[in-house]
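Next come the chains, spelled out residue by residue.
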Amino acid sequence: MCADPDTLSSFWWMTCYLTTGKHLGLYWAFGTVLLLLAITAPAALMFGFGGAMAARSNFLPLQWFGKAYMSIVRGVPDIAFFLFFVIALDQAFEWTRHKVLCPDWDQPIRQGNDFVVCDAAKLPLSTAPQYIHEIYGFALAVLTFAIVFGAFAASVLYGGMRAVPRGQIETAEAYGMSHRQSFRRILVPQMWVYALPGLSNLWMVLIKATPLLFLLGVPDIVYWAKELGGTKTPQFTSFPHGDWRMWYFLFLLVFYLAFTKVSEVVLDRLMKRLTHGQATTGGEAQRRAQV
Amino acid sequence: MKNLLLTTTALAFAGCMAMAQDVVRMGTEGAYPPYNFINDAGEVDGFERELGDELCKRAELSCEWVTNEWDSIIPNLVSGNYDVIIAGMSITDERDQVIDFTQNYYPPTASAFVAASDDVDVTTGTISAQVSTIQAGYIAGTGATLLEFANPDETIAAVRNGEADAVFADYDYLLPVVEASGGELVFVGERIPLGGGVGMGIRETDTALRDKFDAGITAMKADGTLNELLKKWFGDQAPQY
């Protein structure tokens, strides 16, 4: 039926149009974006936690490392990270594999502008099907997002840890808890309430940063909106149309707004639960309301 | 036993090497009809798709098509994410310093201006062009104001919504757009020949691959198949070899 769209009524034309292989690419990209968020958020939180712990460490080099990670990564523009860091990361992987897998290669790796490694060291192998390449690009994206957002999360968590009242730790110590025990039992459970406002900001920024995926060769929703919305001349498609980018971007706008709204509601609830019983103004207000 | 194992590994390794040689990743933009675009099914299509597939068949290579943003298409080639750029890229001295080109498979082209009305002065107005193209380079050297966009479609949209007075791009890209616009868009000014024709971009170290494709293009020019393809995609007035 969809083979000859010119003869269709507008409803069926639209149905056929919205189910072309190209549109399936768009729908698929929504999944990609959600998956990216689902993996990146916990990964970034882990990086952040590690960074904050390192920055608080008594071991000086580790402390320097944690602080350097926070300040350097936060200072570099995201786009620079995504353009240069990722290519450098990819080349670093390939360089390592090249040294291990092709020890008797006699040509230099850098030849003028070219980066040449042996075929076995290519990542992914050039014989690999395209979906492997996309998964690899996706993994690189997750890693890069986690490093970048991890630095911001580290700084937020570091602040959260410092905000826990000193008296709490002192009491823990008075009970005879070791440094590690008081960290795990007292500090960590209490810091979330101070860190959550900062973390929820980060989550919102992360949601909106996902179009950077395209820089890594993974088609994302903004790429598809641009591609599908652009003017299509009858010679090259069965579904010619004018400049529909506005409609596609309007749809994206609604998607992003709805998504951030849902996040806001969920984070609000989480905040309420975390505040419960805490020695903060929010916790005090909850206590008074209950009395 | 150990020997046998070693031989098998060596064989498997050799097999892998041979296979690795055979797959060529073709990088294109997918936004520049008739040269290359994404068709309704979501696949790369167009003149260069057919040409590339034919060249790969003749050279007995299996080709995999990938799309990449125009702006980063050369950096991704030299860092090895794909092996060939086949994206309507004109051969210029500037690009030739970074990558190698095959001989051209489309003769040196004329670029043209398209505007919403006849009375636009293309030497002084605001002209849109795609970033890092020979057209953008040319406009930067004239008295006109250059307005750059990431993809070709946006350069045209800028003229439609009045952001730019005219767009400067390959004549072949503009022709179907003007025809489909129903008089809304018109060619203005003179056509300007730019560049040394369109060729495939290949890493400078990949001379063997370049020679293979070069030989294929020579053969296709000789037996007339390239001319047929040009006619099919660019119409009867398409340039011929």
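### Some remarks on the sheet that holds strand S2 (residues 31-32) of chain B
Residues and elements named next belong to chain B. With respect to topology, 3 strands assemble into an open sheet ordered S2-S3-S4, the strand pairing being antiparallel. Every other strand in the sheet has two partners, leaving S2 and strand S4 (44-45) as the edge strands with one partner each. Alignment of strand S3 (residues 36-38) against S4, held across 2 bridges, turns out to be antiparallel. Residue phenylalanine 37 lies in a different strand from S4, and its bridge partner there is aspartate 45.

### Examining helix H7 (residues 171-180) of chain B
Residue and element names in this part refer to chain B. Of the residues making up H7, those classed as buried are Asp172, Tyr173, Leu174 and Val177. Summarising the contacts, the buried residues of H7 are in contact with S2, strand S8 (109-115), helix H6 (152-160), strand S11 (166-170) and helix H9 (225-234). Phi for glycine 182, located one or two positions after H7, is positive at around 65°.

### Observations regarding the interface of chain B and chain A
Listed as interface residues are 33 residues of chain B and, on the opposing side, 34 residues of chain A. For the side of chain B that touches chain A, the secondary-structure elements that each account for two or more residues are helix H1 (2-22), strand S1 (23-28), S3, strand S5 (62-67), helix H3 (73-78), H6 and H7 of chain B. When the residues that make up the side of chain B that touches chain A are grouped by side-chain class, the tally is 19 nonpolar, 6 polar and 8 charged.

### Examining the sheet that holds S8 of chain B
Residues and elements named next belong to chain B. The mixed open sheet is built from 5 strands, whose spatial order is S10-S9-S11-S8-S12. If you trace the sheet from one side to the other, it starts and ends with strand S10 (145-149) and strand S12 (186-194), each paired once. Here the average twist between neighbouring strands, direction ignored, is 30°. Sheet topology places strand S9 (residues 126-130) next to S10; 5 bridges connect them, and they run parallel. The residue of S10 that forms the bridge with alanine 129 is glutamate 148. With respect to the sheet, H6 is in contact with S8, S9, S10 and S11, its orientation differing from that of S11 by roughly 150°.

### Remarks on the domain arrangement of chain B
Residue and element names in this part refer to chain B. The domain boundaries assigned to chain B delineate domain 1 (23-107 + 197-234) and domain 2 (109-194). Listed by partner, the interface residues are 13 residues for domain 1 and 14 residues for domain 2. Partitioned by chemical class, the residues of the side of domain 1 that touches domain 2 number 9 nonpolar, 3 polar and 1 charged.

### Notes on the pairing of S1 of chain B
Residue and element names in this part refer to chain B. Where S1 and S5 come together, 6 bridges link them in parallel fashion. Note on S5: the bridge partner recorded for valine 23 is serine 62. Here S1 runs beside strand S6 (residues 84-85); their pairing, made up of 2 bridges, is parallel. In the sheet register, methionine 26 faces S6, and the bridge partner there is valine 84.

### Quick word on the nonpolar core
All names here are of chain B. Judged by nonpolar contacts, the single largest core of 64 residues is most densely connected at Val114, Val159, Ala166 and Val167. A domain-level breakdown of this core finds at least three residues from each of domain 1 (23-107 + 197-234) and domain 2 (109-194). What valine 114 contacts, discounting residues up to four positions off in sequence, is Val159, Ala166, Val167, Leu174, Val178, Leu185, Val186, Phe187 and Val188.

Here is what the cut-offs are and how they apply
- Residues numbered from 1 in each chain as written.
- Chains lettered and ligands numbered in written order.
- Predicted model: local features only at pLDDT ≥ 70, side-chain atom pairs only at ≥ 80, totals over all residues.
- Pairing = 2+ DSSP bridges.
- Helix = DSSP H or I, 4+ residues; strand = E, 2+ residues; numbered from the N terminus.
- Buried ≥ 20, exposed ≤ 12 C-beta atoms within 10 Å, placed from the backbone.
- Contact = placed C-beta atoms within 7 Å.
- Nonpolar A, V, L, I, M, F, W, Y, C, P; charged D, E, K, R; others polar.
- Axes fitted to C-alpha atoms, helices over the stretch in contact; angles between N-to-C directions.
- Domains from an automatic or database assignment.
- Core = buried A, V, L, I, M, F, W, Y, C linked by C-beta atoms within 7 Å.

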